[in-house]
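Take a look at the letters that make up each chain.
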Amino acid sequence: MGLFANMQRPSLMANKGGTPGPYADFWYDALSGMMLDGGIRVNADKLLTIPPLWRGIRMYTDNLASFPAAVYERLKVGVRKAPEHPEYYTLGLRPNPNNDRYQYWCTVMLHALIAKGHFSLKQYVPEVRGGRPVRRLQLWPLHPDRVTPKRRPDRVVDFEVRTENGGEPKTYGQDEI
(Lines give C-alpha, C1' and ligand atoms only; values in the text may rest on other atoms or scores of the structure.)
Protein backbone atom coordinates (compact mmCIF):
# COMPACT_ATOMS: atom_id res chain seq x y z
CA MET A 1 0.00 0.00 0.00
CA GLY A 2 1.33 3.41 -0.92
CA LEU A 3 0.99 6.85 0.57
CA PHE A 4 -2.23 7.60 -1.29
CA ALA A 5 -3.90 4.26 -0.61
CA ASN A 6 -5.98 5.74 2.23
CA MET A 7 -7.83 7.93 -0.24
CA GLN A 8 -9.04 4.88 -2.11
CA ARG A 9 -10.22 2.76 0.84
CA PRO A 10 -13.94 1.98 0.64
CA SER A 11 -14.27 2.29 4.44
CA LEU A 12 -13.59 6.02 4.17
CA MET A 13 -16.21 6.58 1.51
CA ALA A 14 -19.55 7.92 2.71
CA ASN A 15 -21.48 6.92 -0.38
CA LYS A 16 -21.04 5.11 -3.67
CA GLY A 17 -20.14 8.40 -5.37
CA GLY A 18 -16.68 8.23 -3.84
CA THR A 19 -16.96 11.25 -1.53
CA PRO A 20 -15.21 10.68 1.82
CA GLY A 21 -17.37 10.93 4.94
CA PRO A 22 -17.28 14.02 7.14
CA TYR A 23 -15.04 12.34 9.74
CA ALA A 24 -12.64 10.71 7.28
CA ASP A 25 -8.94 11.65 7.51
CA PHE A 26 -9.16 12.73 3.87
CA TRP A 27 -10.46 16.19 4.90
CA TYR A 28 -7.70 16.80 7.45
CA ASP A 29 -4.65 15.52 5.56
CA ALA A 30 -3.47 18.94 4.41
CA LEU A 31 -3.17 20.09 8.04
CA SER A 32 -2.17 17.00 9.97
CA GLY A 33 -0.78 14.61 7.38
CA MET A 34 -1.94 11.26 6.06
CA MET A 35 -2.17 8.10 8.12
CA LEU A 36 -0.14 5.26 6.61
CA ASP A 37 -1.03 1.58 6.96
CA GLY A 38 1.54 1.17 9.73
CA GLY A 39 -0.23 3.80 11.85
CA ILE A 40 2.30 6.55 11.21
CA ARG A 41 1.01 10.00 10.28
CA VAL A 42 3.06 11.62 7.50
CA ASN A 43 2.94 15.25 6.36
CA ALA A 44 5.22 17.41 4.20
CA ASP A 45 7.44 18.40 7.13
CA LYS A 46 7.99 14.79 8.18
CA LEU A 47 8.73 13.72 4.59
CA LEU A 48 11.59 16.21 4.50
CA THR A 49 13.29 14.40 7.40
CA ILE A 50 13.79 11.27 5.29
CA PRO A 51 17.46 11.27 4.13
CA PRO A 52 16.91 9.46 0.78
CA LEU A 53 14.22 11.97 -0.17
CA TRP A 54 16.52 14.88 0.67
CA ARG A 55 19.37 13.29 -1.26
CA GLY A 56 17.19 12.94 -4.35
CA ILE A 57 15.99 16.54 -4.06
CA ARG A 58 19.55 17.81 -3.59
CA MET A 59 20.82 15.82 -6.59
CA TYR A 60 18.08 17.34 -8.75
CA THR A 61 18.47 20.93 -7.52
CA ASP A 62 22.28 20.84 -7.55
CA ASN A 63 22.32 19.44 -11.07
CA LEU A 64 19.96 22.07 -12.48
CA ALA A 65 21.65 24.92 -10.60
CA SER A 66 25.01 23.94 -12.06
CA PHE A 67 23.87 24.71 -15.62
CA PRO A 68 24.92 28.12 -16.87
CA ALA A 69 22.14 30.70 -16.72
CA ALA A 70 22.67 33.38 -19.32
CA VAL A 71 20.64 35.77 -21.42
CA TYR A 72 20.79 35.08 -25.15
CA GLU A 73 19.96 37.22 -28.15
CA ARG A 74 18.17 35.57 -31.03
CA LEU A 75 19.81 36.24 -34.39
CA LYS A 76 18.55 35.53 -37.90
CA VAL A 77 20.67 32.40 -37.80
CA GLY A 78 21.27 31.03 -34.31
CA VAL A 79 21.77 32.76 -30.98
CA ARG A 80 24.55 34.51 -29.09
CA LYS A 81 25.14 35.41 -25.44
CA ALA A 82 24.09 38.98 -24.69
CA PRO A 83 26.35 40.25 -21.86
CA GLU A 84 25.21 43.82 -22.55
CA HIS A 85 21.64 42.93 -21.55
CA PRO A 86 20.72 44.59 -18.22
CA GLU A 87 19.69 41.29 -16.57
CA TYR A 88 22.67 39.23 -17.78
CA TYR A 89 24.64 39.84 -14.59
CA THR A 90 21.65 39.16 -12.32
CA LEU A 91 20.51 35.88 -13.88
CA GLY A 92 23.92 34.50 -14.80
CA LEU A 93 26.24 35.60 -12.03
CA ARG A 94 24.85 37.32 -8.95
CA PRO A 95 21.08 37.59 -8.30
CA ASN A 96 21.67 39.53 -5.05
CA PRO A 97 24.62 40.47 -2.80
CA ASN A 98 23.98 37.51 -0.46
CA ASN A 99 23.68 34.68 -3.02
CA ASP A 100 25.66 33.62 -6.02
CA ARG A 101 23.97 32.12 -9.07
CA TYR A 102 24.31 28.55 -7.83
CA GLN A 103 22.78 29.22 -4.39
CA TYR A 104 19.93 31.22 -5.88
CA TRP A 105 18.95 28.61 -8.49
CA CYS A 106 19.20 25.78 -5.90
CA THR A 107 16.70 27.72 -3.80
CA VAL A 108 14.40 28.28 -6.78
CA MET A 109 14.36 24.58 -7.65
CA LEU A 110 13.96 23.49 -4.01
CA HIS A 111 10.91 25.73 -3.59
CA ALA A 112 9.47 24.53 -6.89
CA LEU A 113 9.85 20.86 -5.86
CA ILE A 114 8.73 20.81 -2.24
CA ALA A 115 6.60 23.92 -1.84
CA LYS A 116 3.85 25.63 -3.79
CA GLY A 117 6.32 27.29 -6.11
CA HIS A 118 9.00 29.94 -5.94
CA PHE A 119 8.63 33.66 -5.38
CA SER A 120 11.38 36.28 -5.59
CA LEU A 121 11.12 39.94 -4.73
CA LYS A 122 12.50 42.17 -7.49
CA GLN A 123 14.44 45.26 -6.41
CA TYR A 124 16.19 47.73 -8.67
CA VAL A 125 19.29 49.35 -7.20
CA PRO A 126 21.26 52.22 -8.73
CA GLU A 127 24.71 51.33 -9.98
CA VAL A 128 27.38 52.91 -12.15
CA ARG A 129 28.42 50.70 -15.05
CA GLY A 130 30.84 51.89 -17.73
CA GLY A 131 30.73 55.46 -16.40
CA ARG A 132 26.95 55.77 -16.70
CA PRO A 133 24.25 55.23 -14.07
CA VAL A 134 22.03 52.17 -14.51
CA ARG A 135 19.43 50.33 -12.42
CA ARG A 136 20.50 46.77 -11.66
CA LEU A 137 17.91 44.11 -10.83
CA GLN A 138 18.34 42.12 -7.64
CA LEU A 139 16.27 38.98 -6.96
CA TRP A 140 15.57 38.14 -3.32
CA PRO A 141 14.09 34.66 -2.69
CA LEU A 142 11.01 34.61 -0.45
CA HIS A 143 9.91 31.62 1.60
CA PRO A 144 6.82 30.20 -0.17
CA ASP A 145 4.95 29.76 3.12
CA ARG A 146 5.05 33.53 3.64
CA VAL A 147 3.62 34.44 0.22
CA THR A 148 -0.10 34.34 -0.60
CA PRO A 149 -1.18 35.12 -4.18
CA LYS A 150 -4.53 36.93 -4.34
CA ARG A 151 -6.52 37.63 -7.50
CA ARG A 152 -8.32 40.97 -7.68
CA PRO A 153 -11.69 41.35 -9.46
CA ASP A 154 -9.85 42.81 -12.49
CA ARG A 155 -7.95 39.45 -12.72
CA VAL A 156 -4.61 40.96 -11.69
CA VAL A 157 -2.65 38.93 -9.13
CA ASP A 158 -1.23 40.62 -6.04
CA PHE A 159 1.08 38.91 -3.57
CA GLU A 160 0.71 39.31 0.17
CA VAL A 161 4.07 38.73 1.89
CA ARG A 162 4.30 38.18 5.63
CA THR A 163 7.50 39.22 7.38
CA GLU A 164 9.71 36.88 9.38
CA ASN A 165 9.00 38.56 12.71
CA GLY A 166 5.21 38.46 12.36
CA GLY A 167 4.75 42.09 11.38
CA GLU A 168 2.07 43.47 9.11
CA PRO A 169 1.91 41.75 5.71
CA LYS A 170 2.93 43.83 2.72
CA THR A 171 1.23 43.58 -0.68
CA TYR A 172 3.29 43.55 -3.89
CA GLY A 173 2.09 43.68 -7.48
CA GLN A 174 2.85 41.24 -10.31
CA ASP A 175 5.72 43.41 -11.51
CA GLU A 176 7.44 43.27 -8.09
CA ILE A 177 7.37 39.48 -7.48
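Residues numbered from 1 in each chain as written. Predicted model: local features only at pLDDT ≥ 70, side-chain atom pairs only at ≥ 80, totals over all residues. Heavy atoms only, no water.

**Q** Explain the overall build of the chain residue by residue, including any values.
**A** Scanning the chain for helices and strands turns up five helices and nine strands. Start at the N end of the chain and walk to the C end: the helices and strands fall as α-β-β-α-α-β-β-α-α-β-β-β-β-β. Counting over 177 residues, the chain shows a buried share of 27%. Across the chain, every contact between residues at least 6 apart in sequence was considered, and the portion connecting residues at least 24 apart equals 36%. As presented, the chain carries roughly 12500 Å² of accessible surface, and 57% of it is formed by carbon and sulfur atoms. (Helix = DSSP H or I, 4+ residues; strand = E, 2+ residues; numbered from the N terminus. Buried < 20%, exposed > 50% of the residue type's maximum accessible area, 1.4 Å probe, protein only. Contact = heavy atoms within 4.5 Å. Areas by Shrake-Rupley, 256 points an atom, 1.4 Å probe, with all protein chains shown as cover.)

**Q** So what about the packing of aromatic side chains? Which residues, and what values?
**A** Taken as a whole, this structure holds two aromatic pairs when the rule is applied. Relative to Trp105, the ring of Tyr104 has its centre 5.2 Å away and its plane inclined at 80°; by these criteria the two rings are edge-to-face. The exposure class assigned to Tyr104 is buried, which follows from its relative accessible area of 4%. Over the ring of Tyr124 we find Arg135; its NZ or CZ atom is 4.6 Å from the centre of that ring. (Phe/Tyr/Trp six-rings, centres within 6.5 Å; stacked < 30°, edge-to-face > 60°. Lys NZ or Arg CZ within 6 Å of the ring centre and 35° of its normal.)

**Q** Please provide a residue-by-residue account of the nonpolar core, values included.
**A** Within the largest apolar cluster, nine residues are counted, these being Phe119, Leu121, Leu142, Val147, Val157, Phe159, Val161, Tyr172 and Ile177. The set of elements that each furnish at least two residues to this core consists of strand 5 (119-129) and strand 8 (157-161). At three residues, strand 8 tops the list of elements feeding residues into this core. (Core = buried A, V, L, I, M, F, W, Y, C linked by side-chain atoms within 4.5 Å.)

**Q** Now, about the pattern of salt bridges: what can you tell me, with residues and values included?
**A** With the rule as written, the count across this model stands at seven salt bridges. Between Arg58 and Asp62 there is a salt bridge; the shortest N-O distance is 3.3 Å. Of this pair, Arg58 and Asp62 both sit in helix 3 (residues 51-65), four residues apart, which is roughly one turn of the helix. Given the relative accessible area of 41%, Arg58 is considered partly exposed. (Salt bridge = Lys/Arg side-chain N within 4 Å of Asp/Glu carboxyl O.)

**Q** With reference to specific residues and values, describe the pairing of strand 8.
**A** Of all five residues in strand 8, four are buried, a share of seventy percent or more. Alignment of strand 7 (residues 147-151) against strand 8, held across five bridges, turns out to be antiparallel. Each residue of the ladder has a partner; that of Lys150, found in strand 8, is Asp158. Where strand 7 folds back on strand 8, the antiparallel hairpin that results is connected by five residues, among which Arg155 adopts a positive phi of roughly 70°. (Pairing = 2+ DSSP bridges.)

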